[in-house]
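# Per-entry structural report
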Amino acid sequence: MSGSPRIRLRGLRKAFGAKQVLDGVDLDVATGRSMVVLGGSGSGKSVTVKCILGIITPDEGVIEIDGQDVAKLSRADRAAILDRTGMLFQNGALFDSLPVWENVCFKLLAQKRVSRAQARDVAAEALAQVGLAATVGELSPAELSGGMQKRVALARAIAARPDIIFFDEPTTGLDPIMGAVIDGLIVDCVKRLGATALSITHDMASARRIGDEAAMIHKGRIVWTGPAETLGRTGNAMVDQFANGEREGPIRMELRR
Amino acid sequence: MTAALNLVALLGRTVLGLLRALGQVSLFAAEALSHLLRPPFFLRQFVRHFAEIAYFSLPVVALTALFTGMVLALQSYVGFARFNAESAIASVVVLSVTRELGPVLAGLMVAGRIGAAMAAEIGTMRVTDQIDALTTLSTDPMKYLVAPRLLAGTLALPLLVLVADILGVMGGFLVGVLKLGFVPQTFLDNAWDILQPMDVISGLVKAAVFGFVIALMGCWCGYASRGGAQGVGQATTRAVVSASILILALDYLLTAAFFS
Ligand SMILES: Nc1ncnc2c1ncn2[C@@H]1O[C@H](COP(=O)(O)OP(=O)(O)OP(=O)(O)O)[C@@H](O)[C@H]1O
Ligand SMILES: [Mg+2]
């Protein structure tokens, strides 16, 4: 690894009311690498990503992107970072007042990198990459199935060729084949565009495919980091239990009987 | 004793809460307005909302104004006939419609229609992460969502009120001529003689203020909404109620400023 990490988190803490969601998250993602973050439902994965993007303000802790503390940046500098960033939201977050093609090209249009006349063609290309026909571009997001919405959201996240990308559960809700296609697309983005990626996933096959490194978050902290291909046989009891989906182990679901 | 203290505490909390809300709304409005001065401008958004307010509210506002003018003529006839002052009916109709009822009733109708729609749309965008998505797509949500709506509300309502003024007077005229037996020319002469430019202008200024307030409360309540469909529902109610109360309160202040 060379130089400072692209994304560096130190001691990130965030509470909602009495609930301490993040309790000192430390995480590094090196430039051009793909990190997958694992963790139980409600363990704070999405909150972590939203903190990095500046959507949620952490209570404590440092977030550095390219060695710069984002909390100390001016509004314009922060916007400049966001200009180079892509984000796939867990629920898609498509704009339902706009047709699909305008959703996909939203950032390109906002940055005036394409004209409205060209946007339909550019959108059709991006949609083809995620396995959707060009005719989908004319529909409104409400007319799509859940998996199609996810793929449109993915196309939107990468259409502007960002060099930092966050994927919040990119393959949830997709069939296994489409899941593998999307994984391939994500690997492509990282390898060919040289982007740095941070993905959240519950799908171990997908985690091994898209991740260089993996990290596991539990009770508001990162409890393990290591190479993604070892998932399932890391030697860390917690990670192995999670990766293999075993009921018995150090992680106890808080269920009442 | 404690009961009295509790009452004072409650009063204090309410007043502080109101002041805080006022401060927050003012900051929100100031930020949105600052975006109207700095490019890029989202003309397409402005046109969409302007059409939504001005064109699609037209039927509602037109009917309201027409019937109000008709009722006004009928009611004042009942009153004025006792003093043989039927000729005052035209002036009553034309002054009350242009100065008060046109802007206030149009404002209230539009608050119900547009304020609610804005709060619901922006609130839904808030709870489904669409507003956060805007910031990750190189677009400032205040500039894209709020600023065009504020401008559209401010410019569209005077237009609606102008139509309401005309139809309101027409309603009075129709009842006056067809039901109360006025000579058309006399009614129009009476109306025209009493009408001052200031009557219409003050009504249009009120309309602009009301339009701004409706859009502001719709956007603000939507923007601040939390927690799913229920939160959006509450935001919608809050937007309509607060805009309606503000319209009535500001109407008093503006009337006092114009005519005293
Ligand atoms: N805006 C918010 N207000 C209050 N609590 C929140 C908010 N956002 C998240 N939380 C809480 O923070 C915790 C972590 O949420 P988060 O969305 O990060 O979970 P997650 O790890 O992404 O889970 P999943 O895998 O189910 O998506 C949850 O318990 C949630 O209730
Ligand atoms: Mg999540």
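Details of the structure are given in the entry above.
The structure displayed is predicted, hence computed values, not measured ones.

### Looking at the overall build of chain B
Secondary structure summary: chain B contains nine helices and zero strands in total. The N-to-C order of helical and strand elements in chain B reads α-α-α-α-α-α-α-α-α. For chain B, the spread of C-alpha atoms along the three principal axes comes to 65 × 60 × 35 Å. Buried positions account for 43% of the 260 residues belonging to chain B. Residue pairs in contact within chain B that sit at least 24 positions apart in sequence constitute 86% of those at least 6 positions apart. Of the side chains in chain B, 15 bear a positive and 13 a negative charge, and the two mean positions are spaced by 10 Å.

### Brief notes about the sheet that holds strand β5 (residues 68-69) of chain A
Residue and element names in this part refer to chain A. As summarised here, the arrangement of the four strands in space is β2-β1-β4-β5, forming an open sheet in which the pairing is antiparallel. Of all the strands in the sheet, the pair left with one neighbour each is β2 (19-29) and β5. Helix-sheet contacts for helix α1 (residues 45-53) involve β1 (7-16), β2 and β4 (60-65), and the interaxial angle to β1 is about 115°.

### Observations regarding the side chain of B:D129
Mapped onto the secondary structure, B:D129 falls in the loop between α4 (88-127) and α5 (130-136). Under the relative-accessibility criterion, B:D129 is labelled buried at 13%. A distance of 3.4 Å separates a polar atom in the side chain of B:D129 from a polar atom in the side chain of A:K50. Leaving out residues up to four positions away in the same chain, B:D129 has contacts with A:K50, A:F89, A:N91 and A:A93.

### Here we look at the pattern of salt bridges
Residue and element names in this part refer to chain A. By the definition in use, this model includes 25 salt bridges over all chains. For the salt bridge of R120 with E138, the shortest nitrogen-to-oxygen distance reads 3.0 Å. Pair noted here: R120 is in helix α5 (residues 116-129) and E138 is in the loop between α5 and α6 (146-159), with a separation of 18 residues, a long-range link. The exposure class of R120 is partly exposed, given its relative accessible area of 40%. Several salt bridges converge on common partners, so that one network encompasses R6, D66, R84 and D163.

### Remarks on the interface of chain B and chain A
At the interface, 18 residues of chain B touch 22 residues of chain A. For the pair chain B and chain A, the summed buried area comes to about 1700 Å², and 55% of that belongs to carbon and sulfur atoms. The tally of links between chain B and chain A comes to three salt bridges. The partner of A:K50 in a salt bridge is B:D129, with the nearest N and O atoms 3.4 Å apart. On inspection of chain B and its partner chain A, the count reaches nine residue pairs in polar contact (both at pLDDT 80 or more). Of all elements in the fold, only α2 (43-55), α4 and α5 of chain B reach the threshold of two or more residues within the side of chain B that touches chain A. Broken down by element, the side of chain B that touches chain A gets its largest block of residues, six residues, from α5(B). Its residues placed into classes, the side of chain B that touches chain A shows five nonpolar, six polar and seven charged.

### Let's talk about the pairing of strand β7 (residues 164-168) of chain A
All names here are of chain A. Taking burial as the measure, the five residues of β7 include five buried ones, the bulk of the element. Across the two faces of β7 the burial is the same, with I164, F166 and D168 and I165 and F167 all buried. As paired strands, strand β6 (residues 85-88) and β7 are joined by four bridges and run parallel to one another. Of the residues in β7, the one forming a bridge with G86 is I165. Pairing of β7 with strand β8 (residues 196-200) involves five bridges; the strand directions are parallel. Opposite I164, over in β8, you have T196 as the bridge partner. As for the winding sense of the linkage, the β-α-β connection from β7 through helix α7 (residues 176-193) to β8 is right-handed.

### A word on the site of ligand 1
All names here are of chain A. Among the 14 residues in the neighbourhood of ligand 1, the closest are listed as K19, S41, G42, S46 and Q90. For ligand 1, an oxygen atom lies 2.5 Å from a polar atom in the side chain of K19. Bound to the protein, ligand 1 loses 64% of the 630 Å² it would expose on its own. Contributing elements (two or more residues each) for the shell around ligand 1: β2 and α1. It is α1 that contributes the most residues to the shell around ligand 1, three residues altogether. Among the residues making up the shell around ligand 1, the classes are represented as three nonpolar, eight polar and three charged.

What counts, and where the lines are drawn
- Residues numbered from 1 in each chain as written.
- Chains lettered and ligands numbered in written order.
- Predicted model: local features only at pLDDT ≥ 70, side-chain atom pairs only at ≥ 80, totals over all residues.
- Heavy atoms only, no water.
- Helix = DSSP H or I, 4+ residues; strand = E, 2+ residues; numbered from the N terminus.
- Buried < 20%, exposed > 50% of the residue type's maximum accessible area, 1.4 Å probe, protein only.
- Contact = heavy atoms within 4.5 Å.
- Lys, Arg positive; Asp, Glu negative; His and termini not counted.
- Charge placed at Lys NZ, Arg CZ, Asp CG, Glu CD.
- Pairing = 2+ DSSP bridges.
- Axes fitted to C-alpha atoms, helices over the stretch in contact; angles between N-to-C directions.
- Polar contact = N/O pair within 3.5 Å; in protein donor to acceptor, adjacent residues only side chain to side chain.
- Salt bridge = Lys/Arg side-chain N within 4 Å of Asp/Glu carboxyl O.
- Buried area = accessible area lost by both parts, 1.4 Å probe.
- Nonpolar A, V, L, I, M, F, W, Y, C, P; charged D, E, K, R; others polar.
- Right-handed = clockwise from strand over helix to strand, strands pointing away.
- Near = heavy atom within 4 Å.
- Areas by Shrake-Rupley, 256 points an atom, 1.4 Å probe, with all protein chains shown as cover.

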